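So you can see what is in the structure, the chains are spelled out below.
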Amino acid sequence: MRKYLLPVIVSLLSLGCAEAQRVNINAGGGLASHYGSSTRPVGAVKIGVSYEWELSTTWTLECGPEFYVKGFKDRNTEVYMRDSEGNLVLDDNGNPKMGKKNVSTTAYYVEVPVKANYYIELRPLHYIELSAGPYAAVGVGGKRKTRGDTDETDEARRFFYEKNTFSERGVKRFDAGLRAAVAYEFNRQFAVGIEADFGMLRFSDSGGHNVSGLLTLSYRLPIDL
């Protein structure tokens, strides 16, 4: 079922965007992490294309697919120390010894935001653009890299191992949330700005929610109707 989802999304967007007045090529880079947990940020990037419809002289509606790389780090998580037979290692007082595990996660998404844009004209062909709206995303790849897992009995895995992000038990493949952005558009062709995504669904059964902030650049082309 999942392997058919992305082609269906792209096909529907292509059909729905036939009446758009402008096509935007968008890219961005910044940081991503989780809120609602103690994770630390990692680098985030996106690239995509969107289509824009004029609703009035100041309002537009915009949507389109993006490839978005998010992630987070769990640092210095305490875990038990075990020997090769799986027994707890105890200190001189009979208490279990603890180690510190570090996990770095990258998650690749195909994300589709739907934004309402409000344009404030500063002077001819120069605008401030305020944007907000929901997004939906599906995870398509990524890695979880673990170092220092002393709770593992396999000697090699104590030092390092990795797994596919969305094959891990309890990790959610789907995400949805809200996006907010502000940009400066000049010559009706280029725009630079900042944007943030705030996930509303948990990344995993015990995890936090995706959050990311990017510096963005857009190249915009009118569509001849």
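The numbering scheme is per chain: residues are counted from 1 as the chain's sequence reads. Totals for whole chains, interfaces and linings use all residues, but because this is a predicted model, local features are given only for residues with pLDDT of at least 70 and pairs of side-chain atoms are given and counted only at 80 or more. Only hydrogens and water are set aside; all other atoms, that is, all heavy atoms of the structure, feed into the side-chain values.

Asks: For the overall build of the protein, give the residues involved together with the corresponding values.
Replies: Labels follow the DSSP assignment, with helices taken as runs of H or I lasting at least four residues and strands as runs of E lasting at least two, numbered in each case from the N terminus. Across its full length, the protein holds two helices and 11 strands. Across the protein, helices and strands are ordered from the amino to the carboxyl terminus as α-β-β-β-β-β-β-β-α-β-β-β-β. For every residue, the accessible area (1.4 Å probe, protein chains only) is compared with the maximum for its type, and the residue is labelled buried under 20%, exposed over 50%, or partly exposed between those bounds. A total of 225 residues make up the protein; the buried ones form 40% of that total. Contacts between residues were defined by any pair of non-hydrogen atoms, one from each residue, lying within 4.5 Å. Within the protein, counting contacts between residues at least 6 apart in sequence, those at least 24 apart form 65% of the total. The Shrake-Rupley method, run with a 1.4 Å probe, gives the accessible areas here. Residue values count only the displayed protein chains as cover. Total accessible area on the protein is roughly 12500 Å²; 59% of this is exposed by carbon and sulfur atoms.

Asks: Tell me about the side chain of E66, and please be specific about residues and values.
Replies: Looking at where E66 falls in the secondary structure, it is placed in strand β4 (residues 66-80). Identification of polar contacts relies on pairs of N or O atoms within 3.5 Å, with a donor-acceptor requirement for protein atoms, meaning one able to donate a hydrogen and the other able to accept it, and with residues adjacent in sequence counted only if both atoms are side-chain atoms. A distance of 3.0 Å separates polar atoms of two side chains, one belonging to E66 and the other to K46. Ignoring sequence-local partners within four residues, the contact set of E66 consists of K46, I47, G48, Y109, V110, E111, P113 and R179.

Asks: How would you explain the packing of aromatic side chains if you had to name every residue and give the values?
Replies: Any two of the Phe, Tyr and Trp rings considered here, Trp counted by its six-membered ring, make a pair once their centres fall within 6.5 Å; the pair's planes then place it as stacked at under 30 degrees, edge-to-face at over 60, or tilted in between. Under the definition given, this model contains nine aromatic pairs. Summarising the aromatic geometry, the rings of Y109 and F166 are spaced 5.6 Å apart at their centres and angled 75° between planes, so their arrangement reads as edge-to-face. Placement of the pair is Y109 in strand β5 (residues 98-123) and F166 in the loop between β8 (160-164) and β9 (174-186), with a sequence separation of 57 residues. Given a relative accessible area of 10%, F166 falls into the buried group.

Asks: Summarise a nonpolar patch on the surface; cite the residues concerned and give the values.
Replies: The grouping of L55, W59, L61, V114, Y118, I120, L122, L130, V182, I194 and L215 at the surface amounts to a nonpolar patch, some 960 Å² of accessible area in total. Elements supplying a minimum of two residues to the nonpolar patch: β3 (59-63) and β5. In this fold, I120 is placed in strand β5. Take I120: its relative accessible area is 35%, and that puts it in the partly exposed class. Patch criteria: residues need more than 30% relative accessible area and no salt bridge. Like-charged residues are merged within 9 Å; nonpolar side chains of Val, Leu, Ile, Met, Phe, Trp and Tyr are merged within 5 Å. The salt bridge definition used is simple: a Lys or Arg side-chain nitrogen within 4 Å of an Asp or Glu carboxyl oxygen.

Asks: Provide a residue-level description of the environment of T57, including the pertinent values.
Replies: Examined against the element boundaries, T57 turns out to sit in the loop between β2 (42-54) and β3. Since its relative accessible area comes to 80%, T57 is described here as exposed. Separated by 62 residues in sequence, T57 and Y119 place their C-alpha atoms 8.3 Å apart.

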